[in-house]
There are 2 protein chains.
Amino acid sequence: LAVEALHWGEDRLRIIDQTRLPGEVAYLQLETLESVWQAIRRLQVRGAPAIGVCAAYGVLVGVQEKAPGTPGEVVTAVNDAADYLATSRPTAVNLTWALDRMRATVDESEAAGAPCETLLEGLEAEARAIDTENQALCEAIGREGAALVREGAGILTHCNTGSLATLASGTALAPLFHAHREGRHFQVFADETRPLLQGARLTAWELMQEGIDVTLICDNTAAQVMREGRVQLILVGADRIAANGDTANKIGTYSLAVLAKAHDVPFYVAAPYSTFDLALTSGDAIPIEQRDAAEVTEGFGCRTAPKGVPVYSPAFDVTPAHLITGFITERGILRPPYHEAIAALPPTAACEAPQPILESLK
Amino acid sequence: LAVEALHWGEDRLRIIDQTRLPGEVAYLQLETLESVWQAIRRLQVRGAPAIGVCAAYGVLVGVQEKAPGTPGEVVTAVNDAADYLATSRPTAVNLTWALDRMRATVDESEAAGAPCETLLEGLEAEARAIDTENQALCEAIGREGAALVREGAGILTHCNTGSLATLASGTALAPLFHAHREGRHFQVFADETRPLLQGARLTAWELMQEGIDVTLICDNTAAQVMREGRVQLILVGADRIAANGDTANKIGTYSLAVLAKAHDVPFYVAAPYSTFDLALTSGDAIPIEQRDAAEVTEGFGCRTAPKGVPVYSPAFDVTPAHLITGFITERGILRPPYHEAIAALPPTAACEAPQPILESLK
């Protein structure tokens, strides 16, 4: 991929500052534990998988800073770093999960009596493993979904689900990157995705970096583009998927699914197995978080609505399973009846990370 | 109405500067012909009916400035003012139409040998007539549509179609103002209406001024609000309506109509008879104007999309007649089959103004 949103090399962590996109591509060297904490806190790195990977490398940065001389000091440094990083975005489940893997690695080696150097090597190997597993998972989703992306097709997507959010080839964008590498030509319509404009700011930018033909549209224009016959496929990500296939994702996804049905356009959700929450029998059980009104009324540096106007701004909506043509997972494409297909999905090592519902692809 | 976007009194013209809403309610005294021209040009007054009414009074301002001493000088002053004002927004059909009425009035009186004072009185009477006819037309639409607005209902609207755009009670908002005056309580959901945010900037503001319960939503949230069962009626305006009922209106209207159908929500278009263009057999003949990409990529004072990104931004879309529950006109509510109902509509004196398709409710 043309965009490398995070790089670990020669014991150094570098990220693209996502808050300055698309105006500026600014790289940040995260040389202190505090700078890693700030980067996550300030959304300079965002998206559930990205936060997990960044935090794992962040533990290495924290350990380097302490320069521990004994195995016990290494363990303390890891736990201190993990405790601290966990406070950067407390509700991000991927963050806790990645940090716990780092703790477990060092605890295990230390208990086995390994020397300092082995502990440090083990920590770096674990961070790289988290990174690599995440990449493999996205690659697999891309491979499984690429066949849906036909030569000459128009593909509509919503929000941001690519290399910035995942530090890999993404979820809903992964099939596009894959098909592009295979030499297919197609046109992507990116919903700008109000209120935070992730589609305009991030998706359009990263598709352009890759040389993929992308056209930006306002969310209210998707229906018109479908009516004109210019969309043959809709690809979106997911925050959480219930056992029956009902899918919570960024607000506006449900609207697209209804419009897709009305225009006979296939509507696919791309997500790793970890996004399926078998404890939820249907989407009705998913709580809907409300976003801050200011994101709608003054999101761009100037006020664009009257002071005090009530705003209804749910962070996401739930698309009922019957509107979904299929789920693109790293284990293949699931087709209805979803209850059976989802129940039959075998968990994989790379898929143990639970996806947080409130934080994932913000 | 609480909002008086234009006031003519004691030979003076005053408007609300709509470009400063909703941040500030600033009144402008238009004391020179040039200030009237600038107000129309700079969208300080906008909306087809509003432009027509403002231009008619603007001719009076121009004549005052010249202080003509003979009937011939009055005619010259009127024609000079009209020629000049016509250049303020050349494609606004209502503008030309109103100016032509002012010219015809003075020409007729002058040809009949009327003295200066009579000519001036006739001009003021004609400007007031244009204003009053426009108000009567909006009131009639409000009266006809008010019965659709039930106690306790949720009503969703798009763009801005009220007192700012029409200098009267509006088109799609007129039934809401009417029902509110009758004491009914209801909740309005106002689509923010990307890219220019007329819903956020203007509709939310003017409903709040009137004391009507309004909630602002992003365009992509309309489907979710419908799914929650909170919308019992959708009211939109129209730019142009074909003889079969196909309706061109602000981009996003078609999307709402499809969503309304899927959620069994009645979808009404409110428009004066003059909006029906019987020369168009269907909506297919309506050309779709493209808006400037910058409205989408940097509409709020800062750039929110990558430089050079292609943007598809049609100004409006066409809603096919079969998705429309009814048309609220000043002559009553039209029901399917529309071809017959529209053909049977008798023209009225107040309805001769053609609605320009590219300018009307911008």
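Scope of this entry: the structure provided in the associated data block. (Residues numbered from 1 in each chain as written. Chains lettered and ligands numbered in written order. Predicted model: local features only at pLDDT ≥ 70, side-chain atom pairs only at ≥ 80, totals over all residues. Heavy atoms only, no water.)

## So, the overall build of chain A
So, point 1. Scanning chain A from N- to C-terminus turns up 12 helices and 14 strands.
So, point 2. Scaling as 2.2 N^0.38, a compact globule of 362 residues should have a C-alpha radius of gyration of about 21 Å, and chain A matches this with 21 Å.
So, point 3. Across the 362 residues that make up chain A, the buried fraction comes to 62%.
So, point 4. Pairs at least 24 apart in sequence give 77% of the contacts found in chain A among residues at least 6 apart. (Helix = DSSP H or I, 4+ residues; strand = E, 2+ residues; numbered from the N terminus. Rg over C-alpha atoms; globule rule 2.2 N^0.38 Å. Buried < 20%, exposed > 50% of the residue type's maximum accessible area, 1.4 Å probe, protein only. Contact = heavy atoms within 4.5 Å.)

## Comments concerning helix α7 (residues 174-181) of chain B
All names here are of chain B.
So, point 1. For α7, a buried count of six out of eight residues is recorded, marking the element as mostly surrounded by other parts of the structure.
So, point 2. Of the residues making up α7, those classed as buried are Ala174, Pro175, Leu176, Phe177, His178 and Ala179.
So, point 3. Downstream of α7 by one or two residues, Gly183 has phi in the positive range, about 95 degrees.

## Some points on the sheet that holds strand β14 (residues 332-334) of chain B
Residue and element names in this part refer to chain B.
So, point 1. Read from one edge of the open sheet, seven strands run β6-β5-β4-β7-β10-β13-β14, paired in mixed fashion. Looking at strand neighbours, the two that pair on one side only are β6 (213-217) and β14, the edges of this open sheet. Within this sheet the neighbouring strands show an average axis-to-axis angle of 25 degrees, counted without direction.
So, point 2. Taken together, the three bridges between strand β10 (residues 267-270) and strand β13 (residues 326-329) define a ladder with parallel strand orientation. Looking across to β13, one finds that Val269 is bridged to Phe327. (Pairing = 2+ DSSP bridges. Axes fitted to C-alpha atoms, helices over the stretch in contact; angles between N-to-C directions.)

## Let's talk about the nonpolar core
So, point 1. Counting 68 residues, the largest nonpolar core has Ile234 and Phe267 of chain A together with Ile234 and Phe267 of chain B as its most contacted members.
So, point 2. Excluding its chain neighbours within four sequence positions, the residues that come into contact with Phe267 of chain B are Ile234, Val236, Thr253, Leu256, Ala257, Ala260, Thr319, Leu323, Ile324, Thr325 and Gly326 of chain B. (Core = buried A, V, L, I, M, F, W, Y, C linked by side-chain atoms within 4.5 Å.)

## Some points on the packing of helix α3 (residues 71-86) of chain B against helix α4 (residues 93-111) of chain B
All names here are of chain B.
So, point 1. Between α3 and α4, the least distance of the axes is 10 Å, while the angle of their chain directions is 170 degrees. Overall, the two elements α3 and α4 adopt an arrangement that is roughly antiparallel. In contact with Pro71, Gly72, Val74, Val75, Val78, Asn79, Ala82, Asp83, Leu85 and Ala86 of α3, α4 contributes Leu95, Leu99, Met102, Arg103, Val106, Asp107 and Glu110.
So, point 2. Taken together, the residues that form the contact of α3 with α4 break down as 11 nonpolar, two polar and four charged. (Parallel < 35°, antiparallel > 145°, perpendicular 65-115°, else oblique. Nonpolar A, V, L, I, M, F, W, Y, C, P; charged D, E, K, R; others polar.)

## Comments concerning the sheet that holds strand β9 (residues 247-250) of chain B
All names here are of chain B.
So, point 1. An order of β11-β8-β9-β12 is seen for the four strands of this open sheet, with the pairing classed as mixed. The open sheet has two free edges, formed respectively by β11 (276-277) and β12 (316-319), since each of these has just one partner strand.
So, point 2. For β9 and β12, the ladder comprises four bridges, and the chain directions are antiparallel. Bridge pairing in β12 places Ala248 opposite Val318.

## A closer look at the interface of chain B and chain A
So, point 1. Facing 52 residues of chain B, the contacting portion of chain A comprises 52 residues.
So, point 2. Between chain B and chain A, roughly 4,200 Å² of surface is buried when both sides are summed, and carbon and sulfur atoms account for 66% of that area.
So, point 3. In terms of surface lost to chain A, no three residues of chain B exceed Asn220, Phe300 and Tyr312 of chain B, which account for 17% of the buried area on that side.
So, point 4. Our count for the chain B to chain A interface comes out at two salt bridges.
So, point 5. Residue Arg194 of chain A is joined to Glu192 of chain B by a salt bridge in which the shortest nitrogen-to-oxygen separation is 2.6 Å.
So, point 6. Scanning the region where chain B abuts chain A turns up 16 residue pairs in polar contact (both at pLDDT 80 or more).
So, point 7. At the level of elements, α8 (198-209), β6, α9 (222-227), α10 (253-262), α11 (294-297) and β12 of chain B are the ones that each hand at least two residues to the side of chain B that touches chain A.
So, point 8. Along the lines of polarity and charge, the residues of the side of chain B that touches chain A split into 31 nonpolar, 12 polar and nine charged. (Buried area = accessible area lost by both parts, 1.4 Å probe. Salt bridge = Lys/Arg side-chain N within 4 Å of Asp/Glu carboxyl O. Polar contact = N/O pair within 3.5 Å; in protein donor to acceptor, adjacent residues only side chain to side chain.)

## Concerning the state of the cysteines
All names here are of chain A.
So, point 1. Applying the stated criterion to the full structure yields zero disulfides over all chains.
So, point 2. Free of any disulfide, Cys54 has its nearest neighbouring cysteine sulfur in Cys138, separated by 16 Å.
So, point 3. Since its relative accessible area comes to 0%, Cys54 is described here as buried. (Disulfide = S-S within 2.5 Å.)

## Focus on the pattern of salt bridges
All names here are of chain A.
So, point 1. Applying the stated criterion to the full structure yields 34 salt bridges over all chains.
So, point 2. Across the pair Arg230 and Glu228 runs a salt bridge, and its minimum N-O distance is 2.9 Å.
So, point 3. Take Arg230: its relative accessible area is 28%, and that puts it in the partly exposed class.
So, point 4. Ionic contacts of the salt-bridge type, sharing partners, join the residues Asp83, Asp100 and Arg103 into one network.

## Focus on the relation of the copies chain B and chain A
So, point 1. With an RMSD of 0.1 Å, chain B superimposes on chain A once it is rotated by 180 degrees and translated 0.0 Å along the axis. Here the two chains are linked by the operation of a two-fold rotation axis. Relative to the rotation axis, the closest C-alpha in chain B is found at Phe300 of chain B, a distance of 2.8 Å.
So, point 2. A shared interface surface links the copies, since 100% of the contact residues of chain B are contact residues in chain A too. (Least-squares fit on C-alpha atoms with pLDDT ≥ 70 in both.)

## Quick word on unusual backbone geometry
So, point 1. The linkage connecting Pro336 of chain A with the following residue, Pro337 of chain A, adopts the cis geometry, with an omega of 0 degrees.
So, point 2. Turning to its location among the elements, Pro337 of chain A is positioned in the loop between β14 (332-334) and α12 (338-343).
So, point 3. Pro195 of chain B follows Arg194 of chain B through a cis peptide bond whose omega is 5 degrees.
So, point 4. Phi angles above zero are rare outside glycine, and Leu197 of chain A is one such case at about 60 degrees.
So, point 5. Looking at the element boundaries, Leu197 of chain A is found in the loop between β5 (187-191) and α8 (198-209).
So, point 6. For Cys159 of chain B, which is not glycine, the phi torsion reads 60 degrees and is therefore positive.
So, point 7. Structurally, the position occupied by Cys159 of chain B is in the loop between β4 (154-157) and α6 (163-166).
So, point 8. What makes Cys159 of chain B buried here is its relative accessible area of 4%.

## Overview of the packing of helix α2 (residues 48-66) of chain B against helix α5 (residues 116-146) of chain B
Relative placement of two packed helices is described by the angle separating their axes and the distance separating the axes.
All names here are of chain B.
So, point 1. Packing of α2 against α5 brings their axes to within 9 Å, and their N-to-C directions diverge by 165 degrees. Viewed along their axes, α2 and α5 adopt a mutual orientation that is roughly antiparallel. The interaxial crossing formed by α2 with α5 has left-handed handedness. Residues Pro49, Val53, Ala56, Tyr57, Leu60 and Val63 of α2 lie in contact with α5, whose contacting residues are Leu120, Leu123, Glu124, Ala127, Arg128, Ile130, Asp131 and Asn134.
So, point 2. Residues of the contact of α2 with α5, tallied by class, amount to 10 nonpolar, one polar and three charged. (Left-handed = near helix turned anticlockwise from the far one by under 90°.)

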